[in-house]
Amino acid sequence: MNQQAFVNRVRARLGRSVADGVPEWQPSLPIPDPGPTDTEALVERYQAELVKLSGNSYRVSSEAEIAPLVVRILKESGVSGHVVRWDDPLLNGLGLDEALGAAGFPVTPVKHGEPGRPQVELVEQAVAGITGADFAIAETGTLVMGSSRPGEAGAPGRGRTVSLLPPVHIAVVRKEQFVYTAAQVFQRLRQMGVLPSQVIFASGPSRSADIENDLSIGVHGPAQVHVIII
Amino acid sequence: MAADPHNVPDFKTRIAKALGDERLRGAVRYTADNLRTKRNAVVADLNEQAAQRMAIGSFAELRRQARRIKEHTLKHLDYYLEQAAERIRQNGGTVHWAGSAADVVRIAEEIAERRQAKRVIKSKSMASEEVMFNHALEAKGVEVVESDLGEYIIQLAHETPAHIVIPAIHKTRRQIADMFGAVAGRELTTDTPTLTKFARETLRKKFMAADIGVSGANFLVAESGTICLVTNEGNGRLTTSVPPVHVAIVGIEKLVPTLEDLAVVLGLLPRSATGQKITTYFNMITGPRRPGEPDGPEELHVIFLDNGRTNLLGSKYEEALMCIRCGACLNVCPVYRNIGGHAYGSIYPGPIGSVISPLLNDLGAWTDLPQASSLCGACHEACPMGIHLHEHLVSLRMDTVAMGKADPGFTRVMKLWMAAWRRPAIYRMAAKLGRVAMRPFVKKRADGTEVAESLPGPFAAWTNTRNFPPIASRTFHERWSDLEKEGKR
Ligand code: SF4
């Protein structure tokens, strides 16, 4: 069936015609802007929610603390092997590659402009993936990550799989990226215009209850989620 | 539909089978209780937060908003379909239109053929089950693997889901370990971590080798052409990120107008389905991989599916298209809780299944399902969309009678009842007679209550699958006049 035939059938059923034009619609708002706006309160709530979901969070006061902390997290995770990360301004300049490399975790940034299977396979074999985030939602302990920067048509080295395929996901997020509800994120994404090809809302590690209602972690996505808050 | 009513045993046989399976019934009740308890807790929490202005709205407010969104979208569906199609194409995707289940299969086969695809990986999708996708593609020599852990278990067992949210609730870990062991070619222990690890490793290989990933959609945003998926395991993300082609099968009722509308429907779905505030992953897909991006599919196909949905538009059943497939109505339904999902014989079980299976197919072939309800209205109360499920069931029963498809035995009893009810003297006499006539069939249960488990003649149609309470030793009328005589009234 082609579009016209399909849509015409719907239109006939509804008793509408093309001349009816654009329907008037006010999005399901005004949704009141609830919750705290104070950053400190947002961060605290986020951390409390993430713990409930079996995720870990860390506070640091300067960028210099990040690379050593990531090394410590990886060592404590008991993994060994290579690590992948976003090639993105949110992470570049944190000295991750040098510090991790020296600690025995060689780092490969996923590259801009080099699409294709080799990159996915590289990510699949990594023991950990390091990303930034575009937003963090306090109410639900959620990180929001675009496969490119929201509102920008360009494609930096982010991709979809770095926070998905490796068993450990480490994310770096800044205080000013915290909001209270998902509604606020949808609002901002709408205002920013160009949507990334994929936006992921991730709340803690991958989980399933499919075997006798028993909770299990890490069935497809990462089993460990570590969020570092600057 | 996954099950053609003409190929499966009739409804009563299916019910009898389910009622005889104590383990299935125990698992269904346990899961339904578990989900219902969690849902109630998270809804109470939401209401409390909303009262303190710490949430975007109470459950009732979100429900009101969600109904407003869906009502509006359905009323203008032609517009939103065209808008969504245009945006999807602008984003680099391809749009297909499937009037019927067969169309979906044909479109998918064409894509598979062009890509010379041999392996398909799927994330959980009711729409794909509705069109019997796996069966059709496998017949063409394409391997189709389910990646949702529960669906994977069901697929290995060659069964159908017992619940729409947690499909494999009726499988024990022993059975799962045996099935996984057969795939692995070695014995597996029955602990959850071992089973999970096996599934992760096995399915990861399938993901990496897959030529096509097939998903459904929980919502589709018309203004941006964005496909939205809620998952907990991450298989939905893998399906849409790793294989070189992504095909999404989307029922036309999944549309919402704007990104901001997502907050409302996303606020309701996980809470109602699993009692979570949000699922582990919420995935928004706006097109295939863009130039320069390191991963993501090269091709994105959206197949819009009608398959009977359009017939509901503008009808008294239009509201059924608001369903977001959360399963809350199943968990509270006394009938579902007793017989589980298999007995319905359709991929959509429970109250919503009893409404939409006949509507999306042919009511004549599914006349039994609308009878499978006590009309208590618990489903309506639990439904995040406030769908009047019990009213639709009554309406479908009336349609069944109007079509002349009602069960003849049952109709005879009902006619007798109607005749008696119209003449008080006869009614009173019938009650007295019935009381005496029923005596021999009434049994006393351990808890002291009395039931009739099997009645003769036309009444057997009822008691074959249900009990009948004995007629009270004194009727309400008799008691009332006693009270009046005693001056207590
Ligand atoms: S009818 Fe309502 S409660 Fe039942 S699955 Fe659909 S949305 Fe959920």
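Above this note sits the structure.
A brief report on the enclosed structure follows. In this text, all values refer to a predicted model and were calculated from it rather than measured experimentally. (Residues numbered from 1 in each chain as written. Chains lettered and ligands numbered in written order. Predicted model: local features only at pLDDT ≥ 70, side-chain atom pairs only at ≥ 80, totals over all residues. Heavy atoms only, no water.)

What about the site of the ligand?
Cut-off, in case you're wondering: Whether a residue is near a molecule or strand depends on its heavy atoms: if one lies within 4 Å, it is near. Three residue categories are used. Nonpolar comprises Ala, Val, Leu, Ile, Met, Phe, Trp, Tyr, Cys and Pro, charged comprises Asp, Glu, Lys and Arg, and polar comprises the others, including Gly.
In the vicinity of the ligand, the contacting residues are B:Cys323, B:Ile324, B:Arg325, B:Cys326, B:Gly327, B:Ala328, B:Cys329, B:Ile352, B:Cys383, B:Pro384, B:Ile387 and B:Leu389. Within the shell around the ligand, the residues separate by chemical class into ten nonpolar, one polar and one charged.

Quick look at a nonpolar patch on the surface
Applicable threshold: Put simply, a patch holds well-exposed residues, over 30% relative accessible area, that have no salt bridge, with like charges counted together within 9 Å and Val, Leu, Ile, Met, Phe, Trp or Tyr side chains within 5 Å. Each accessible area is a Shrake-Rupley estimate made with a 1.4 Å probe; only the visible protein chains count as cover when residues are assessed. Note on definitions: salt bridges are taken to be side-chain nitrogens of Lys or Arg within 4 Å of carboxyl oxygens of Asp or Glu. Helix and strand definitions follow DSSP, with helices as H or I runs of at least four residues and strands as E runs of at least two, each counted in order from the N terminus.
Among the surface-exposed residues, B:Leu375, B:Val394 and B:Met398 lie close enough to one another that they form a single nonpolar patch of about 250 Å² accessible area. Examined against the element boundaries, B:Val394 turns out to sit in helix 17 (residues 389–402).

Some words on the pattern of salt bridges
Threshold: Note on exposure labels: buried denotes an accessible area under 20% of the residue type's maximum, exposed denotes more than 50%, and partly exposed covers the range between, all computed with a 1.4 Å probe on protein chains only.
Per the stated rule, a full pass over the model turns up 43 salt bridges over all chains. B:Lys277 is paired through a salt bridge with A:Glu49; the nearest N and O atoms lie 2.7 Å apart. Taken together, the residues B:Lys277 in the loop between helix 12 (262–274) and strand 9 (281–285) and A:Glu49 in helix 2 (residues 39–52) connect one chain to another. When sorted by exposure, B:Lys277 lands in the same class as A:Glu49, which is buried. Among the ionic pairs, B:Glu71 bridges to B:Arg67, the shortest N-O distance being 3.8 Å. Here B:Arg67 and B:Glu71 lie together in helix 3 (residues 59–75), a separation of four residues that amounts to about one turn. Each member of the salt-bridge network shares a partner with another, and the members are A:Arg11, A:Arg16, A:Asp20, B:Asp78 and B:Glu82.

Looking at the nonpolar core
So the rule is basically this: We define the nonpolar core as a collection of buried residues of types Ala, Val, Leu, Ile, Met, Phe, Trp, Tyr and Cys that are connected through side-chain atoms lying within 4.5 Å of one another. Here a residue-residue contact requires only that any non-hydrogen atoms of the pair lie within 4.5 Å.
A:Phe201, B:Leu81, B:Leu262, B:Phe282, B:Met284 and B:Phe304 are the most contacted members of the largest nonpolar core, which has 116 residues in total. Here the element with the most residues in this core is helix 12 of chain B; it accounts for eight residues. In contact with A:Phe201, other than residues within four places in its own chain, are A:Ile137, A:Thr142, A:Leu143, A:Val144, A:Ala182, A:Val185, A:Phe186, B:Ile278, B:Thr280, B:Tyr281, B:Phe282 and B:Met284. A:Val107, A:Leu164, B:Phe180 and B:Phe198 belong to the second-largest nonpolar core, a separate cluster that totals 78 residues.

Thoughts on the sheet that holds strand 5 (residues 219–221) of chain B
Threshold: DSSP bridges decide pairing: two strands pair if at least two such bridges lie between them. Inter-axis angles, ranging from 0 to 180 degrees, are taken between N-to-C directions of lines fitted to C-alpha atoms, where helices are fitted over the stretch in contact.
Read across the sheet, eight strands follow the order 8(A)-5(A)-6(A)-9(A)-9(B)-6(B)-5(B)-8(B) without closing on themselves; strand pairing throughout is mixed. Every interior strand has two partners, whereas the edge strands, strand 8 (178–179) of chain A together with strand 8 (255–256) of chain B, have only one. Helix-sheet contacts for helix 6 (residues 182–192) of chain A involve strand 5 (135–137), strand 6 (142–146), strand 8 and strand 9 (198–202) of chain A together with strand 9 of chain B, and the interaxial angle to strand 5 of chain A is about 155°. Packed onto the sheet, helix 12 of chain B meets strand 5, strand 6 (226–231), strand 8 and strand 9 of chain B and runs at close to 170° relative to strand 5 of chain B.

Topic: the packing of aromatic side chains
Convention followed: Aromatic rings from Phe, Tyr and Trp, taking only the six-membered ring of Trp, are treated as a pair when their centres fall within 6.5 Å; an angle between ring planes under 30 degrees marks them as stacked, one over 60 as edge-to-face, and anything in between as tilted.
Applying the stated criterion across every chain yields a total of ten aromatic pairs over all chains. Centre to centre, the rings of A:Phe186 and B:Phe282 are 6.0 Å apart; their planes meet at 85°, and the pair counts as edge-to-face. Remark: B:Phe282 occurs in strand 9 and A:Phe186 occurs in helix 6; the pair is interchain, linking two chains. Here A:Phe186 and B:Phe282 have matching classes, each one buried. Through pairs of rings, three or more aromatic residues link up here, namely A:Phe6, B:Trp97 and B:Phe304.

A closer look at helix 19 (residues 424–438) of chain B
All names here are of chain B. Test applied: In this analysis, the expected span of each helix is defined as 1.5 Å times one less than the number of residues it contains. Directions from the helix axis toward the C-beta atoms define the arc.
Over its 15 residues, helix 19 runs 21 Å from end to end, which matches the ideal 21 Å to within 8%, given 1.5 Å per residue. Three or more residues of helix 19 are buried, namely Ala431, Gly434, Arg435 and Met438. When helix 19 is viewed along its axis, its buried side chains cluster within an angular range of 100° and face the same direction. Every exposed residue of helix 19 that faces more than 90 degrees away from the buried side is listed here: Ala425, Met429, Leu433, Val436 and Ala437. Of the surrounding elements, those touching the buried residues of helix 19 are strand 11 (442–444), strand 12 (450–452) and helix 21 (476–485).

What about the packing of helix 8 (residues 149–156) of chain B against helix 9 (residues 173–184) of chain B?
Residue and element names in this part refer to chain B. So the rule is basically this: Under this scheme an angle from 65 to 115 degrees is roughly perpendicular, one under 35 degrees roughly parallel, and one over 145 degrees roughly antiparallel; angles in between are oblique.
Across the interface, helix 8 lies against helix 9 with an axial gap of 10 Å and an inter-helix angle of 75°. On the basis of their axis angle, the class for helix 8 and helix 9 is roughly perpendicular. Between helix 8 and helix 9, the residues in contact are Leu149, Tyr152, Ile153 and Leu156 and Ile176, Met179, Phe180 and Val183, respectively. Looking at the contact of helix 8 with helix 9 residue by residue, the classes come out as eight nonpolar, no polar and no charged.

Some points on the side chain of A:Gln3
Counting through the fold element by element, A:Gln3 comes out in helix 1 (residues 3–14). The residues touching A:Gln3, leaving out its near neighbours within four places in the chain, are B:Glu82, B:Ala85, B:Arg89 and B:Trp97.

Things to note about the pairing of strand 10 (residues 299–305) of chain B
All names here are of chain B. The element strand 10 is largely enclosed, with a buried count of seven among its seven residues. Taking every second residue as pointing to the same face, both faces of strand 10 are buried, with Glu299, His301, Ile303 and Leu305 on one and Leu300, Val302 and Phe304 on the other. Of the pairings in the sheet, the one linking strand 7 (residues 245–251) to strand 10 comprises seven bridges and is parallel in character. By the bridge assignment, Val250 is partnered in strand 10 with Phe304.

Digging into the interface of chain A and chain B
Operational definition: Here the quantity called buried area is the total loss of accessible area, with a 1.4 Å probe, experienced by two parts when brought into contact, counted for both.
Of the residues lining the interface, 92 residues belong to chain A; the matching set on chain B comes to 102 residues. Of all residues in chain A, the largest losses of buried area upon contact with chain B belong to A:Trp25, A:Asp210 and A:His220, amounting jointly to 10% of the total for that side. For the interface between chain A and chain B, the tally reads ten salt bridges. Between B:Asp78 and A:Arg16 there is a salt bridge; the shortest N-O distance is 2.8 Å.

Quick notes on unusual backbone geometry
Residue and element names in this part refer to chain B. The backbone of Asn307 shows a phi angle near 45°, a positive value even though the residue is not glycine. The residue Asn307 is located in the loop between strand 10 and helix 13 (328–332) in this model. Judged by relative accessible area, which is 16%, Asn307 ranks as buried. Phi at Arg325 takes a positive value of approximately 55°, unusual for a residue other than glycine.

Overview of helix 3 (residues 66–77) of chain A
All names here are of chain A. Taking 1.5 Å of rise per residue, the twelve residues of helix 3 would be expected to cover 16 Å, and the 16 Å separating its terminal C-alpha atoms lies within 8% of that figure. Listed as buried for helix 3 are Ile66, Ala67, Leu69, Val70, Val71, Ile73, Leu74 and Ser77. After helix 3 finishes, the residue Gly78 shows a positive phi value of roughly 75°.

Things to note about the state of the cysteines
Threshold: When two cysteine sulfur atoms are found within 2.5 Å, that pair is recorded as a disulfide.
Evaluated as defined, the whole model comprises zero disulfides over all chains. Unpaired in terms of disulfides, B:Cys379 finds its nearest cysteine sulfur in B:Cys376, a separation of 6.2 Å.

Concerning the packing of helix 1 of chain A against helix 4 (residues 77–90) of chain B
Contact geometry of helix 1 of chain A with helix 4 of chain B gives a least axis separation of 8 Å together with a crossing angle of 155°. As summarised for this structure, helix 1 of chain A and helix 4 of chain B are arranged roughly antiparallel, according to the angle between their axes. On helix 4 of chain B, the residues touching A:Gln3, A:Phe6, A:Val7, A:Val10, A:Arg11 and A:Leu14 of helix 1 of chain A are B:Leu77, B:Asp78, B:Leu81, B:Glu82, B:Ala85 and B:Arg89. Partitioning the contact of helix 1 of chain A with helix 4 of chain B into residue classes produces seven nonpolar, one polar and four charged.

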